[in-house]
Structure formats: C-alpha cells, structure tokens
Amino acid sequence: MSSGTNDTIAAISMPPGEGGVGIVRLSGPDAVRIAARVFASSRGADLSTAKRQRVFHGHVVDEAGLPIDEVLVHRMRAPHSYTAEDVIEINTHGGAAPLRAVLDTVLRRGARLARPGEFTRRAFENGRIDLAQAEAVIDLVRARSDAALRAANAVAGGALSREMYTLRDTLANALARVEAAVDFPEDDLPELVDDALFEGLQDARARMARLLDSARAGRLYREGAAVAIVGRPNVGKSSLFNALLRDTRAIVSPMPGTTRDRIEEDASIGGMPLRLVDTAGMRATEDAVEQAGVDLARAALREADAVLFVVDASSPVCDEDRVIAEELLTASVPVIVARNKADLACPLPHPEPEGFSEGCLVSAVTGAGLEALEAALARALLGAALGADTPMISRLHQADSLRRAKQCLERALDCRSVSPELLAFELREALAALGEITGETTPEDLLDIIFGQFCIGK
Ligand SMILES: Nc1nc2c(ncn2[C@@H]2O[C@H](COP(=O)(O)OP(=O)(O)OP(=O)(O)O)[C@@H](O)[C@H]2O)c(=O)[nH]1
Ligand SMILES: [Mg+2]
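Residues numbered from 1 in each chain as written. Chains lettered and ligands numbered in written order. Predicted model: local features only at pLDDT ≥ 70, side-chain atom pairs only at ≥ 80, totals over all residues.

Further remarks concern the overall build of the protein chain. Broken down by element type, the protein chain carries 15 helices and 13 strands. Computed over its C-alpha atoms, the radius of gyration of the protein chain comes to 29 Å, more than 25% above the 23 Å expected for a compact globule of 458 residues. Dimensions along the principal axes, computed over C-alpha positions, put the protein chain at roughly 85 × 75 × 35 Å. A buried classification covers 42% of the 458 residues belonging to the protein chain. (Helix = DSSP H or I, 4+ residues; strand = E, 2+ residues; numbered from the N terminus. Rg over C-alpha atoms; globule rule 2.2 N^0.38 Å. Buried ≥ 20, exposed ≤ 12 C-beta atoms within 10 Å, placed from the backbone.)

Spelled out as structure tokens, the structure:
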C-alpha cells in the first residue's frame, strides 16, 4: 500500500471528545486550494499568499456560503511542514459536531480521508524523517513517564538514526574495499583488506551489541515492567507492595493467607513505569479459594519481567521458602530476594535462599532498605542500559533487524581468511538488515503494519 502523494488527505487530528480547540489537518498538493474553497476569511485574505507560514481568521462555510464554524487556519508551505507537503490545519471549536462538519466539508471539496499514520508516513516517504524517527513519534504520543518521553524524544530527534548511519558508513566503506579487492585480487588484496578494516568491523559489532542491550530497556520504558511480589504466606508481601506504592492498597494482617487475589498497581522507579503485582502467599493448601489465589500467583510469575521474592529475615528459611526458591531458580527473569522484617530482632543472621544474584535487607514497616531494593530492581531490569546514553531500541522488529545484522557481521569477521567474496556477501546482508531500521530497505508490508499502529490524523 503506497500512499501516492499526488492526492490530498484530511483527518481530525485530535482524540474524540470535547476540548478547547479541535484540529482538522490537510496535507498534499491541493491542500491550499481545497481549504480556499471552504474558507471565508474575515478580512478577505487570500490563503494562497506566498508566505511560508501564516494564520488566517474566518469561517468554514458550506456550499451555500453558510458558516459551519468560526476557525483559525494555519497554513504551512512545503517543505516546511510536518509532512514536507503543503499543510493546512483548521482550528475549530473543540467538539465532535464542528470537527465532523468541517472534515465532511473538506472531504466533499476534494480531499480524501487519511489512513492511520498517513501524515507521518508522508513525512517518511518525503524524506523529512526516517523510519526510526517516525516510529518514535508513536512512542512520544504514548509515553507514560518522563523517562519514556525523553527516550522517545532522543530517537525522534535522530539519535538512533545517527547511530545507524555511523554503522552503515563503517560497513559500506569496508564493503567498497572488499569489492575492490575482489576485482583486483592479485596486487591489491593485502592493502585493501587490512587489520584496520577488521578493527573497524569489530568496533561496529560492539556498538551493535550495546544497542541490543538497550532493546529490553527500551521496551520496558515504553510498556512498563511487570514486577511480581511472591513468597510464602505472612512474610510481608502486601506490606512491601504498599510500601513501594507509598500507599495502603492491599490488606495486611498477621493471619497467613490474607491475600487471596492478585492485586496490581502502577508505580515507577527512576522514571520507568512499573506494574507491581501483589500475590497470594504460595503454599500447599486444601482451601479451594486459597488454591485459586496460589494459581493466580503462579500466572503472575510467568508474566513478570522481574520477581521480588520476599522472605522473612526474622525467622529461619523454611521448607515453604525452599519450594518457592527452587521454582524461581528456573525463572528466565531476574529474581531479587527481599529479606523483609529487618526491624525485628534476629539473634542470628539467617542464611538467605541461595543462588540468587541480588538480595536486600528491608523493612516494609520502617521503610529501611526500600531505596536499595528499588535500585536493585532497576539494575536487574535495565542492566547495562541503566544510565547509559546509547539511544534505546524500542521495537521488536528493530531488535530483530539489528540481531540479523550482527550475525552477518560476525560471520563476516569469521570469513577473513576464507574468501573476499563471502566477506562481501555478509557485509551486504548486514547493510540490508540495518537499512530496515531506518527504512531504506524495509519491505512495504512491514511499513504498512508499522504505520497502521498510528491513530488516524497522526
Ligand atoms: N515488624 C515487621 N512486621 C512486618 C513487616 N512486614 C510485614 N509485617 C507484618 O507481617 C504480617 C504479614 O504481613 P502481610 O503484608 O499481610 O504479609 P503477606 O506476605 O502479604 O501475607 P499473605 O497475604 O497472607 O500471604 C503483618 O502483621 C505485618 O504487619 C516488617 O517489615 N516488619
Ligand atoms: Mg498479602
């Protein structure tokens, strides 16, 4: 599905509902002409004046010249607009009726209803932004935290694209030299394909590995991380849940088996959105309701991006803890042991469950150790991407392309002594995979899927 930028598209660029103002946006070669047909300026101004940017006041009128809404029309000349085409934005009164009526009028006068993401797709196809930047626009719109917004802004501003172009230049230069060596095998090979070339490629591989590390962090910043709080009954899971939320959300009581449902709340650490999940204490039980709670806890475990394994630091590790520990040791996500009730006297330092990389002594009651626990959680979730200033990869298909590019590069590095033809082949494949991230080599159907995720009017 190609946009075909010879037509002019229009859409309401606002979510449905009431607001102060609403925007109907037009883009394309006929945007100004179509707007002129429906617009009556209050001062008789001409929409097609030469100035690059202008705002006009007046009314949108119907075919009979009757006013539909009082509006401000913002006109932007190509290429100085979002789509790099002529763009008209009609600021209407912000209600469903004026917006619909104005959109209807411009559609009757020659515009076509835009498909989801078509404005951004035009910005991409007209070369104003590349694919990585276009996709960051979705992340900007959907950002749920300041950190997610910062990350999306960096990519929209071209941080990831610049990294891609640097990689591309390294690989393309290497390819040019290898191809030259293939053409003149006898005399020039040793000079063209030298150690410096391979050092450059090794450096590119390391950059790719760093970017891949950021992929998980990028997804977590965008979507939020699910953190399941699990442990045997009465160790203080719900107390810790409340303490991390700084709110009393879950019932706490000295009776083991208090929590029987799965309780979720949004929180954040270091700007990353979190979904904290409190669960029923896991133990063998005859009680059907409690068993249902334990099943829900297991389900929460399977869906989690990280697990807080709560144990009671004031009493010895017991069999119930060991059963859970054994289950968690096979988990594919990071597990942090929270040794709770640190405020209670514990005559001997009890051994903590073994085999877990991170453990913290905390008290849900006094709040001691909570910050260290949050820091451990952030470390476990974000790994090397924590605090790094590499741009974040936020999408599965970007990570997939980068992984393929890295595999090709690794094979290319292995081909060193085999043949320059094979080396050239792998470098070409790596370049094609990288080009899928910036959009140079992205297949049309993937572009359709990507832009289909946008809302109409974006
Ligand atoms: N002294 C002290 N008591 C705590 C601490 N955390 C929890 N408790 C107490 O331990 C008891 C159990 O706390 P909960 O938070 O309900 O424990 P839970 O793990 O959610 O229990 P279930 O829902 O039954 O599995 C309550 O009486 C809490 O007040 C702590 O850090 N220090
Ligand atoms: Mg509980």
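Attention now moves to the site of ligand 1. Near ligand 1 there are 24 residues, and of these Gly236, Ser238, Ser239, Thr259 and Gly281 occur at the shortest range. When its residues are assigned to classes, the shell around ligand 1 shows 9 nonpolar, 12 polar and 3 charged. (Near = placed C-beta within 6 Å. Nonpolar A, V, L, I, M, F, W, Y, C, P; charged D, E, K, R; others polar.)

Across the sheet, which stays open at both edges, the 7 strands sit in the order 3-4-5-6-2-1-7 with mixed pairing between neighbours. At either margin of the open sheet sits one strand with a lone partner, and together these are strand 3 (39-41) and strand 7 (112-113). Where strand 5 (residues 67-76) lies against strand 6 (residues 87-93), 5 bridges are found, and the strand directions are antiparallel. By the bridge assignment for strand 6, Arg75 is matched with Ile88. Across the sheet, helix 2 (residues 96-108) lies against strand 1 (9-12), strand 2 (21-27), strand 4 (53-61), strand 5, strand 6 and strand 7, angled at about 15 degrees from strand 2, the strand it touches most. (Pairing = 2+ DSSP bridges. Contact = placed C-beta atoms within 7 Å. Axes fitted to C-alpha atoms, helices over the stretch in contact; angles between N-to-C directions.)

Once that is clear, we can look at the environment of Tyr82. Within the secondary structure layout, Tyr82 lies in the loop between strand 5 and strand 6. The contacts of Tyr82, once residues within four sequence positions are left out, are Val87, Phe119 and Ala123.

The pairing of strands in a sheet happens through backbone hydrogen bonds and is either parallel or antiparallel. The sheet built from 6 strands is open, its strands ordered 9-10-8-11-12-13 with mixed pairing. Either end of the sheet is taken by a strand with one partner, and the two such strands are strand 9 (263-269) and strand 13 (358-361). Between one strand and the next, the sheet's axes are offset by a mean angle of 25 degrees, whatever the strand orientation. Pairing analysis gives 4 bridges linking strand 12 (residues 335-340) to strand 13, with the strands arranged parallel. Bridge pairing in strand 13 links Ala338 to Cys360. This element, helix 9 (residues 237-245), spans strand 8 (225-230), strand 9, strand 10 (272-278), strand 11 (306-312) and strand 12 of the sheet and lies at about 155 degrees to strand 10.

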